[in-house]
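# Observations on the three-dimensional arrangement
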Amino acid sequence: MNQPGRPAHTAGANPVAIANGRDSAEEPLIFEQGQEQRCGVDLPALPAYQQRLAGLRRQGKIGLPGLSEPQVVRHYTRLSQKNFSIDGNFYPLGSCTMKHNPRLNEKLARLQGFADLHPMQPIVTVQGALELIDQLAYWLKTLTGMPAVAMSQAAGAQGEFCGMAVIKAALAARGETRTKVLAPESAHGTNPATAAALGFVVESIPANAQGRVDLEVFKAKLGPDVAAIMLTNPNTCGLFERDMLEIAQAIHAAGAYFYCDGANFNAIVGRVRPADLGVDAMHINLHKTFSTPHGGGGPGSGPVVLSAELARFAPLPYVIRDETGFKLVEHGKDAPDSIGRLKGFHGQMGMFIRALAYMLSHGADGLWQVSGDAVLNANYILASLKDVMTASFEGPVMHEALFDDRFLKDTGVTTLDLAKALLDEGIHPMTMYFPLVVHGAMLIEPTETESRETLDTFIATMRRLAEHARSGDVEWFQQAPRHTPLRRLDETLAARHPVLRWTAP
Ligand SMILES: Cc1ncc(COP(=O)(O)O)c(C=O)c1O
């Protein structure tokens, strides 16, 4: 996007980009680089049998760009180099858990027998794939202690939708229409959005001085109109909700359900079973806990574990096994209480393969170590920075450390400025301004996959930036980032006037 005040880059100026009103920092679209008559491959003459297509053959051009192979390779390589990625840099984005994607998982997901599967193949030809789904389901049930799991959801957010739709169906089966869902004010935005999308009224529960659910306020809000609480544990301040058992007991006594946002399961996997905390339904983000790729909003996977009472409402299709092999329950007639399909088929097979590979390569002991290392790394960062930055809550924390902007008071430097300065240091900024319960939040999640050296470099950088901010050099911060392909974007313009489609000049 064009941005006022951005310095013009002249080295390697790209005539196509300049002709289109952009400077060379931007890679021209592949369509802008294409030539009408060029083709990167030599296609053979149409074989005779193609004539059978008769009148169905394409009559006109479909507007594909014509480029040589090197042009295509260079275009995509240049684009990939502009990306800030977990493979290139430290990426301590709190709440999002950007962790290394083991190459073993990638290799397994690309095996021909998996990669070339089609969801409409005859069932006898996909027994191995169904067994893999069944095994992953077994691990998820074992690790959470829950008796059932719905696998098809394409993301954590869709998992939430599934869990809450199941709860709504269970209430309807009881002949009840409860209208309210309680959600702590530190909740991920997808929680209230999910409840609202299902027609519930969302009521917020404030955090107490320790960053956890205010138990008294929560109890005061309980009543016959409350359908469920949606509670994230560990929560988005990186803290374990110590009153889980009491919350579960109170919500059940009110006849409502306990939905747990289990996105942060990576902090407790192998150590705590949500079933033992009284949870009725909980989604798990495979990308956060089991290292599947997290990018661009998908393809993701958000399985939902369910209590025995809620299991019959699970979405279709699901895998079952009898003495003749794996089978599918696909139709409402075989599962009359099911909420129906949330997705065309079983969900993201590629993510299932990667997640199971991660589980099997770590084993139960290894997963115990995963959560231990994630928590250790977050506390190392908290302990190393709390004298120069302001920690929002007393530690120890779980998988992420939350700071606010009190240490920037009267400096003129903002959380955003600090984040932009980090980009110049080759580090992806932490999550900013979330959770909303503290001012100018900086939520840092190192994950278990980072080495001590990487953490030390990050800590040294943050200390230097925090001290520089205190020196009052606002101008220096406001000029950051200086070394990225694009500098500060007009985010309001980008949000209000997104340019999503290229039109030929
Ligand atoms: C606490 C929490 N809940 C829900 C979600 C939504 O998950 P997804 O991005 O997979 O839709 C996230 C995202 O990482 C999260 O951190």
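As the structure is a prediction and not an experimental result, all values here were calculated from the model. (Residues numbered from 1 in each chain as written. Predicted model: local features only at pLDDT ≥ 70, side-chain atom pairs only at ≥ 80, totals over all residues. Heavy atoms only, no water.)

### Focus on the overall build of the protein chain
The criterion, for reference: In DSSP terms, a helix is any run of H or I states spanning at least four residues, a strand is any run of E spanning at least two, and both are numbered starting from the N terminus. Atoms counted for the radius of gyration: C-alpha only. Globule rule: 2.2 Å times residue count to the power 0.38. For every residue, the accessible area obtained with a 1.4 Å probe (protein chains only) is divided by the maximum for its type, and the residue is called buried under 20%, exposed over 50%, and partly exposed between those limits. By the convention used here, residues are in contact when the closest approach between their heavy atoms is within 4.5 Å. Here the Shrake-Rupley method, with its probe set to 1.4 Å, supplies the accessible areas, and only the displayed protein chains count as covering residues.
Across its full length, the protein chain holds 16 helices and 13 strands. Relative to the globule expectation of 23 Å for 505 residues, the C-alpha radius of gyration of the protein chain, 26 Å, shows essentially globular dimensions. When each of the 505 residues of the protein chain is scored for burial, the buried share is 47%. Across the protein chain, every contact between residues at least 6 apart in sequence was considered, and the portion connecting residues at least 24 apart equals 70%. Of the roughly 24,500 Å² of accessible surface on the protein chain, 56% is carried by carbon and sulfur atoms.

### Examining the site of the ligand
The line we're drawing: Whether a residue is near a molecule or strand depends on its heavy atoms: if one lies within 4 Å, it is near. Any pair of N or O atoms that falls within 3.5 Å is considered a polar contact. Within protein, one atom must be able to donate a hydrogen and the other to accept it, and sequence-neighbouring residues count only if both atoms are side-chain atoms. Charged residues are taken to be Asp, Glu, Lys and Arg, nonpolar residues to be Ala, Val, Leu, Ile, Met, Phe, Trp, Tyr, Cys and Pro, and polar residues to be all remaining types, Gly included.
Around the ligand, the surrounding shell holds 14 residues, and the nearest of these are Ser-95, Gly-156, Ala-157, Asp-261 and Asn-285. One of the backbone N or O atoms of Ser-95 is found 2.8 Å from an oxygen atom in the ligand. Within the side chain of Lys-288, one N or O atom sits 3.0 Å away from an oxygen atom of the ligand. Coverage of the ligand by the protein amounts to 89% of the 390 Å² it exposes when considered alone. Counting only elements with at least two residues in the shell around the ligand, the list comes to helix H7 (156-173) and helix H11 (286-289). Examining the composition of the shell around the ligand, we find that 3 residues originate from one element, H7, more than from any other. Residue composition of the shell around the ligand, grouped by class: 3 nonpolar, 8 polar and 3 charged.

### Some words on the sheet that holds strand S10 (residues 390-391)
The criterion, for reference: Strand pairing is assigned whenever DSSP identifies at least 2 bridges connecting the two strands.
Within the open sheet, the 4 strands sit side by side as S10-S11-S13-S12. Their pairing is antiparallel. Both edges of this open sheet fall to S10 and strand S12 (431-432), since each of them pairs with a single strand only. Relative to strand S11 (residues 401-404), S10 is paired through 2 bridges, and the arrangement is antiparallel. Paired with Thr-390 across the bridge in S11 is Asp-404.

### Digging into empty space enclosed by the protein
Our working definition: Cavity: a set of points on a 1 Å grid over the protein atoms alone where a 1.4 Å probe fits but cannot get out. Pocket: an open set with protein on both sides within 12 Å along at least five of seven lines, its lining residues, like those of a cavity, having an atom within 4 Å of a point. Grid points are joined across faces, edges and corners, and a volume is the space filled by probe spheres set on the points.
Within this structure, the stated rule accounts for 1 cavity of 30 Å³ or more. There is about 30 Å³ of room inside the largest cavity. Every residue along the wall of the largest cavity is listed here: Cys-237, Leu-239, Leu-382, Phe-393, Val-397 and Leu-402. Looking at side-chain class alone, the lining of the largest cavity contains 6 nonpolar, no polar and no charged residues.

### With respect to the packing of helix H6 (residues 127-144) against helix H12 (residues 349-385)
Heads up, the condition is: Angles run from 0 to 180 degrees between N-to-C directions of axes, and those axes are lines fitted to C-alpha atoms, restricted for helices to the stretch in contact. Note on terminology: angles under 35 degrees are roughly parallel, angles over 145 are roughly antiparallel, angles of 65 to 115 are roughly perpendicular, and the others are oblique. For any helix crossing, the convention is left-handed if the near helix is rotated counterclockwise from the far helix by under a right angle, and right-handed if that rotation is clockwise.
It is the contact of H6 with H12, at a shortest axis distance of 10 Å, that shows an interaxial angle of 45 degrees. In terms of orientation, H6 and H12 fall into the oblique class. Crossing of H6 against H12: the hand is left-handed. Contacts from Ala-129, Leu-132, Ile-133, Gln-135, Leu-136, Trp-139, Leu-140 and Leu-143 of H6 reach H12 at Met-349, Phe-352, Ile-353, Ala-355, Leu-356, Met-359, Leu-360, Gly-363, Ala-364 and Leu-367. When grouped by side-chain class, the residues that make up the contact of H6 with H12 number 16 nonpolar, 2 polar and no charged.

### Examining the nonpolar core
Formally: What makes a nonpolar core is a set of buried Ala, Val, Leu, Ile, Met, Phe, Trp, Tyr and Cys residues whose side-chain atoms join them at distances within 4.5 Å. Segmentation into domains, and thus their bounds, comes from an automatic or database assignment.
Counting 55 residues, the largest nonpolar core has Phe-218 and Phe-290 as the members making the most contacts within it. Looking at this core, the elements that each hand over two or more residues are H6, helix H9 (215-221), strand S4 (226-232), helix H10 (244-253), strand S5 (257-261) and H12. Both domain 1 (105-358) and domain 2 (364-495) contribute no fewer than three residues apiece to this core. Once residues within four sequence positions are removed from consideration, Phe-290 is found in contact with Leu-140, Leu-143, Phe-265, Val-269, Ile-284, Asn-285, Arg-354, Ala-355, Tyr-358, Met-359 and Leu-367. Residues Met-389, Leu-402, Phe-458 and Phe-477 belong to the second largest nonpolar core, which totals 38 residues.

### Thoughts on H7
The condition that has to hold: A helix's residues, less one, multiplied by 1.5 Å, set its expected span.
In this model, H7 (18 residues) spans 26 Å end to end at C-alpha, consistent with the 26 Å of a helix rising 1.5 Å per residue. Directly after H7, the chain includes Gly-175, whose backbone phi takes a positive value near 80 degrees.

### With respect to the domain arrangement of the protein chain
How we decide: In this description, buried area is defined as the sum, over both parts, of the accessible area (probe of 1.4 Å) that is lost when the two are combined.
Here the protein chain is described as being made up of domain 1 (105-358) and domain 2 (364-495). If you average the C-alpha positions of domain 1 and of domain 2, the two centres end up 30 Å apart. Taken together, the contacts link 27 residues of domain 1 with 23 residues of domain 2. For the pair domain 1 and domain 2, the summed buried surface comes to about 1,900 Å²; carbon and sulfur atoms form 64% of the total.

### Some details on the pairing of S4
Across the 7 residues that make up S4, a large majority, 7, are buried. Sheet analysis places strand S2 (residues 180-184) next to S4, joined by 3 bridges and oriented parallel. When the sheet's bridge partners are listed, Val-181 is paired in S4 with Ala-228. With 5 bridges connecting them, S4 and S5 associate as parallel partners. Across the sheet, Leu-231 pairs through a bridge with Cys-260, a residue of S5.

### Overview of unusual backbone geometry
One can expect most non-glycine residues to show negative phi and most peptide bonds to be in trans. Of the consecutive residues Asn-233 and Pro-234, the connecting peptide bond is found in the cis state with omega at -10 degrees. Mapped onto the secondary structure, Pro-234 falls in the loop between S4 and H10. Gly-395 connects to Pro-396 through a cis peptide bond whose omega is -5 degrees. In this structure, Pro-396 sits in the loop between S10 and S11. Backbone geometry places Ser-95, a non-glycine residue, at a positive phi of 75 degrees. Structurally, Ser-95 can be placed in the loop between helix H3 (69-82) and helix H4 (103-109). The class of Ser-95 is buried, set by a relative accessible area of 8%.

### Structural notes on the packing of aromatic side chains
So the rule is basically this: Stacked, tilted and edge-to-face are the three classes applied to pairs of Phe, Tyr and Trp rings, where Trp contributes its six-membered ring and a pair requires centres within 6.5 Å; stacked means planes under 30 degrees apart, edge-to-face means over 60, and tilted covers the rest. Consider the ring centre and the ring normal. A charge sits over the ring if Lys NZ or Arg CZ is within 6 Å of that centre and within 35 degrees of that normal.
Evaluated as defined, the whole model comprises 4 aromatic pairs. Here the aromatic rings of Trp-476 and Phe-477 are separated by 5.0 Å at their centres, their planes lie at 85 degrees, and the arrangement is edge-to-face. It is Lys-168 that lies over the ring of Phe-200; its NZ or CZ is 5.5 Å from the centre. Lying across the ring of Trp-368, Arg-271 places its NZ or CZ 4.0 Å from the centre.

### A few points about the pairing of S2
To keep things clear, this is the line we draw: We call a crossover right-handed when, viewed with both strands directed away from the observer, the connection leading from the first strand over the helix to the second proceeds clockwise.
By the criterion of burial, S2 is predominantly enclosed, with 5 of the 5 residues buried. With burial as the criterion, each face of S2 is covered, one bearing Lys-180, Leu-182 and Pro-184 and the other bearing Val-181 and Ala-183. Here 5 bridges tie S2 to strand S3 (residues 201-205), and the two strands are oriented parallel to one another. The residue of S3 that forms the bridge with Pro-184 is Ile-205. In this fold, the crossover linking S2 to S3 by way of helix H8 (residues 190-197) has right-handed handedness.

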